Amino acid sequence: MDVKIGQKSYDPHASAEKIQQQISKYPLMEEIGFLVLGMRVYHTDSDGFEIHNQHYGRSLTKDTIKHGLSKFFNNSGYVRKDVVSACLQKVQEILQWFENQDTLHFYASSLLFVYDGSSPQPAIAVDRKLHEKKVASTELPTDDEVTECNNNIRLSSTMENGKNDEPVEKKRSRIYAVTKKTCPKRLHSEAFLEGEILDEDKTRKNQNHVPQEHLNGNLLIKLENVLCQVSADLGDSTQVDVRMIDFAHVFPSEGKDLGYIYGLKNLVSVLQSILDE
């Protein structure tokens, strides 16, 4: 999910025409402080993706933003509150960084949310009166095989005593091949949200090599770590990451970035309300 942060999506050097154009795209940007640019959600029951573009995000109002954002965490009929909790913590860490820095202002920058939709949700018992949550222990699989899903392509690796016997280099080559097949030569945030796939002829060539243009701000590495890493500790099944992206409009300043902080605080509030629901 790509979420643009801040009360303004135009920088101080923007023309009057540009300012009006940006405001007209989403008049509520100043009030809400963030805009959902798009999302791509994996559903385990259908082994497919639900995709929403920027028009969906612009249709959200102050009253519907919570429901609209919660769609990203809805995995086959239930809300992944383990993912919401992890995302909330990471956004709070970014907010803390902004509250402690006063040298830069960010415009039209976004947060990219990523989680592994194929991993099972921990069993959670909720006492609605006391709001106590107890996470049940997860047992290791007994079939000696763990299956992972990444863009509808299944990866299987033999597991023994919770450890992967496959050589590291071989595993990485396999991961790079899958990543290259599912990520076109475009901005990774766009490719990830739109679910585009490279031409089959291109994927057959150099599957164990990732071109430099794919390493957009190390985003490919971040996505690999989040989506494809085979964890030795199967009990920690939730894989989540939140990263700042898009830095074309960053300016030096002599004060805190209040617009960005405002958006982050509102986003934290919405995430917390989803978690508490």
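Refer to the structure printed above.
Basis of the calculations
- Residues numbered from 1 in each chain as written.
- Predicted model: local features only at pLDDT ≥ 70, side-chain atom pairs only at ≥ 80, totals over all residues.
- Heavy atoms only, no water.
- Pairing = 2+ DSSP bridges.
- Helix = DSSP H or I, 4+ residues; strand = E, 2+ residues; numbered from the N terminus.
- Axes fitted to C-alpha atoms, helices over the stretch in contact; angles between N-to-C directions.
- Contact = heavy atoms within 4.5 Å.
- Buried < 20%, exposed > 50% of the residue type's maximum accessible area, 1.4 Å probe, protein only.
- Lys, Arg positive; Asp, Glu negative; His and termini not counted.
- Salt bridge = Lys/Arg side-chain N within 4 Å of Asp/Glu carboxyl O.
- Polar contact = N/O pair within 3.5 Å; in protein donor to acceptor, adjacent residues only side chain to side chain.

Overview of the sheet that holds strand β3 (residues 48–52)
Item 1. Taken in spatial order, the five strands of this open sheet run β3-β2-β1-β7-β13, and their pairing is antiparallel. Each end of this open sheet is capped by a strand with a single partner; those strands are β3 and β13 (240–245). Taking the axes of each pair of neighbouring strands and ignoring which way they run, one obtains an average angle of 20° across the sheet.
Item 2. Taken together, the four bridges between strand β1 (residues 2–5) and strand β2 (residues 34–43) define a ladder with antiparallel strand orientation. Residue pairing across strands places Lys 4 opposite Leu 35, the latter belonging to β2.
Item 3. Packing of helix α5 (residues 81–99) onto the sheet brings it into contact with β7 (110–115) and β13, and relative to β13 it is tilted by some 35°.
Item 4. Its contacts with the sheet put helix α10 (residues 258–276) on β1, β2, β7 and β13, and the angle it makes with β7 is roughly 30°.

What about the side chain of Asp 116?
Item 1. With respect to the helices and strands, Asp 116 occurs in the loop between β7 and β8 (124–127).
Item 2. Of the buried charged residues, Asp 116 lacks a salt bridge, with Arg 80 as the closest side chain of opposite charge at 7.0 Å.
Item 3. One polar contact links Asp 116 to Ser 118, side chain to side chain, over a distance of 2.7 Å.

Comments concerning the pairing of β2
Item 1. When you tally the buried positions in β2, you get nine out of 10 residues, the bulk of the element.
Item 2. Two strands pair when backbone bridges link them, and β2 and β3 are joined in this way by five bridges, in the antiparallel orientation. Residue pairing in the sheet places Arg 40 in a bridge with Ile 51 of β3.
Item 3. With antiparallel pairing between neighbouring strands as the criterion, β2 and β3 make up a hairpin whose turn holds four residues, including Asp 47 at a positive phi of roughly 55°.

The analysis is restricted to geometry; functional conclusions fall outside its scope.
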